[in-house]
Amino acid sequence: MLDAMTTEAIVAIALAGTAGWVFTTWLRVKNGYPLEGSWGQTLKPTTDNEAKQRVALLTSENAELRAELGSVKDRLANVERIVTDSGYHLSGEIEKLRAGALENRKDEGTA
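The model shown is predicted, which means the values in this text are computed figures rather than measured ones.

## A short note on the overall build of the chain
A tally of regular secondary structure across the chain gives three helices and zero strands. Along the chain, helices and strands appear, N-terminal first, in the series α-α-α. If you sum the accessible surface of the chain, you get close to 10,100 Å²; carbon and sulfur atoms cover 61% of it.

## Here we look at the pattern of salt bridges
Applying the stated rule across the entire model yields one salt bridge. For Arg98, the salt bridge identified is with Glu95, shortest N-O distance 3.0 Å. Linking Arg98 with Glu95, this pair stays in helix α3 (residues 86-108), spanning three residues, or about one helical turn. Under the relative-accessibility criterion, Arg98 is labelled exposed at 54%.

## Quick notes on helix α1 (residues 4-30)
Over its 27 residues, α1 runs 38 Å from end to end, which matches the ideal 39 Å to within 8%, given 1.5 Å per residue. Of the residues flanking the end of α1, it is Gly32, one or two places downstream, whose phi is positive at about 85°.

## Let's talk about the confidence of the model for the chain
Taken residue by residue, the chain gives an average pLDDT of 82. The fraction at 70 or more is 89%. Across the chain, the element-wise mean pLDDT spans from 77 in α3 up to 90 in α1.

## What to know about a nonpolar patch on the surface
Side chains of Val79, Ile82 and Val83 sit close together on the surface and give an oily, nonpolar patch of about 240 Å² of accessible area. Residue placement: Val79 occurs in helix α2 (residues 49-84).

The rules behind each value
Residues numbered from 1 in each chain as written. Predicted model: local features only at pLDDT ≥ 70, side-chain atom pairs only at ≥ 80, totals over all residues. Heavy atoms only, no water. Helix = DSSP H or I, 4+ residues; strand = E, 2+ residues; numbered from the N terminus. Areas by Shrake-Rupley, 256 points an atom, 1.4 Å probe, with all protein chains shown as cover. Salt bridge = Lys/Arg side-chain N within 4 Å of Asp/Glu carboxyl O. Buried < 20%, exposed > 50% of the residue type's maximum accessible area, 1.4 Å probe, protein only. Expected span 1.5 Å × (residues − 1). pLDDT = per-residue confidence, 0-100. Patch = residues over 30% accessible without salt bridge, like charges linked within 9 Å, V, L, I, M, F, W, Y side chains within 5 Å.

Here it is as structure tokens:
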């Protein structure tokens, strides 16, 4: 039949597989993941009030952040439009001319 070494190897593999299954199940329970049966049914229901409140809070926070992101995108588009608009450059040129006129008036002594 099987020699002792082969039998020990089979037992060691079976124990390692069982230990791995126990460890992963423990991790799932510890981190709040629902356990599933062999047919995919949930064994540990996760419909407690704390979880529902957490989901509701996260959903509302997500909606607020999406709205804020939308307004930031709109503001950024307006800033880009202003900066790339020729009027922005025109106002810079006007300010340069004003500064030059002020310097001329200082030179003449009328400023």
